[in-house]
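# Coordinate inspection notes
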Amino acid sequence: MIIIPNATPISSSDRAFNYGDGVFTTLLVHRNKAELKPYHLSRLKHDAAAIKLDIDIKALDVAISEHIDHIATSSCNDLESKYVLKVHISGGQAGRGYARSEDSVVQVRFSQHPFPGHYDAMLRKGLSVICAKTRLAIQPLLAGVKHMNRLEQVLIKHEVNEAGADDAIVCDTQDNVIEASAGNLFFFYNDAWYTPSLKGSGVNGVVRQYLIDSLLNDNHELHVGEYQLSHLQSASAVVMTNALMGVMPVRELRMPDFSMVSFDVKNKAIEVLQQRLNDGKR
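This section reports on the structure supplied with the text. Because the structure is a prediction, the values reported are computed rather than measured. (Residues numbered from 1 in each chain as written. Predicted model: local features only at pLDDT ≥ 70, side-chain atom pairs only at ≥ 80, totals over all residues. Heavy atoms only, no water.)

## So, the overall build of the protein chain
Put simply, the rule reads: Note on conventions: DSSP H or I runs of at least 4 residues are helices, E runs of at least 2 residues are strands, and numbering of each starts at the N terminus. With the radius of gyration taken over C-alpha atoms, the globule rule is written as 2.2 Å times the number of residues to the power 0.38. Burial status follows relative accessibility: with a 1.4 Å probe on protein chains alone, a residue under 20% of its type maximum counts as buried, one over 50% as exposed, and anything between as partly exposed. The criterion used for residue contact is that any of the two residues' heavy atoms lie within 4.5 Å. Using a 1.4 Å probe, the Shrake-Rupley method yields the accessible areas, and only the shown protein chains count as cover for residues.
Of regular secondary structure, the protein chain possesses 8 helices and 14 strands. Radius of gyration (C-alpha) of the protein chain: 19 Å, near the 19 Å computed for a compact globule of 282 residues. Once the C-alpha set of the protein chain is aligned to its principal axes, its extents read approximately 55 × 40 × 40 Å. A total of 282 residues make up the protein chain; the buried ones form 51% of that total. Across the protein chain, contacts joining residues at least 24 apart in sequence account for 72% of those joining residues at least 6 apart. With an accessible surface of roughly 14300 Å², the protein chain has 51% of that area assigned to carbon and sulfur atoms.

Take a look at the structure:
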């Protein structure tokens, strides 16, 4: 495994470039600290193993910290106190063909980006979302993995933009609710939180996993299973989660028949979930 400076041009033989052969994660850096870093590292280790990539997770941990320190002390640092750090792990370089060569070396790149400023307004107002027509394929071998083959999400984002919505709720090919375009889903019903199973498709986000661990460790009622859109219609609150938006409330959902379902963005259960996540970032 080698760390490649982000300014280094991407080779035409790079396997991530040619085949999407790689994984990535997107961290929120706040006051020079990567939030939920252990969860990001755990996911990278899991996801890399799932696609047969060999990475040194301890060396990667050190490299991330060193990169953040460099950004903090750099004279050209024009980032705010909160920014986005993307960790991109490629299967390396090889000749034509799907098979990796034996001498392929995993390549890691870091890139930093401004924090999406519109998230703060969304957090106060809540999201207006649609139900995506695009369905997620079922592939248990890649379920939960944040790999670089994200064409489904490209199509879903196109739907979101065409509809003028904030995001979309996405189902798999068996009509099970899975996730949002770039985040996970939780819904609150009868004093309990529910979140879709990701056994067949979807991405296991770090906030999703943190909240599952936190709720179960404190013996809170949480259900992980297969749910349809009709279950969301009965919910009193729905949220989307990811490392950048945190716990984002959904204000309204436009169903496939164009009927609208409204949710309470001030639901106390959402505030408790948000506070639980904030406690985990300290």
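Having seen the model, we can carry on.
## Looking at the packing of helix 6 (residues 206-217) against helix 8 (residues 268-281)
Just so we agree on the cut-off: Angular values range over 0 to 180 degrees, each being the angle between N-to-C directions of two axes fitted as lines to C-alpha atoms, with helices fitted over their stretch in contact. Convention used here: angles under 35 degrees read as roughly parallel, angles over 145 as roughly antiparallel, angles from 65 to 115 as roughly perpendicular, and any remaining angle as oblique. When residues are sorted by character, Ala, Val, Leu, Ile, Met, Phe, Trp, Tyr, Cys and Pro go into the nonpolar class, Asp, Glu, Lys and Arg into the charged class, and all the rest, Gly among them, into the polar class.
At a closest axis distance of 10 Å, the pairing of helix 6 and helix 8 adopts a crossing angle of 100°. Taken together, the axis directions place helix 6 and helix 8 in an arrangement best described as roughly perpendicular. Across the interface between the two elements, Val207, Tyr210, Leu211, Ser214 and Leu215 of helix 6 pack against Leu273, Arg276, Leu277, Asp279 and Gly280 of helix 8. Classifying every residue of the contact of helix 6 with helix 8 by side-chain character gives 6 nonpolar, 2 polar and 2 charged.

## With respect to the layout of surface pockets
Put simply, the rule reads: Here a cavity is any set of points on a 1 Å grid over the protein atoms alone where a 1.4 Å probe fits but cannot get out, and a pocket is any open set with protein on both sides within 12 Å along at least 5 of 7 lines; a residue lines the site when it has an atom within 4 Å of a point. Grid points are joined across faces, edges and corners, and a volume is the space filled by probe spheres set on the points.
Counted as a void, the largest pocket has a volume near 710 Å³. Along the wall of the largest pocket there are 33 residues; nearest its centre are Lys146, Ser181, Ala182, Gly183 and Asn242. At the level of elements, strand 2 (22-30), helix 2 (37-50), strand 4 (82-90), strand 5 (107-114), helix 4 (119-125), helix 5 (151-163), strand 8 (177-180) and strand 12 (237-242) are the ones that each hand at least two residues to the lining of the largest pocket. The class makeup of the residues in the lining of the largest pocket is 14 nonpolar, 11 polar and 8 charged. Roughly 440 Å³ of volume is contained in the second largest pocket. Residue lining of the second largest pocket: 19 residues in total, with Leu28, Glu35, Lys82, Asn278 and Lys281 positioned closest to the centre. Broken down by secondary-structure element, the contributors of at least two residues to the lining of the second largest pocket are strand 2, helix 4, strand 13 (246-254) and helix 8. Per element, the largest residue contribution to the lining of the second largest pocket is 4 residues, and it comes from helix 8. Here the residues of the lining of the second largest pocket are counted per class, giving 9 nonpolar, 4 polar and 6 charged.

Don't take any of this as a statement about function, it's just geometry.
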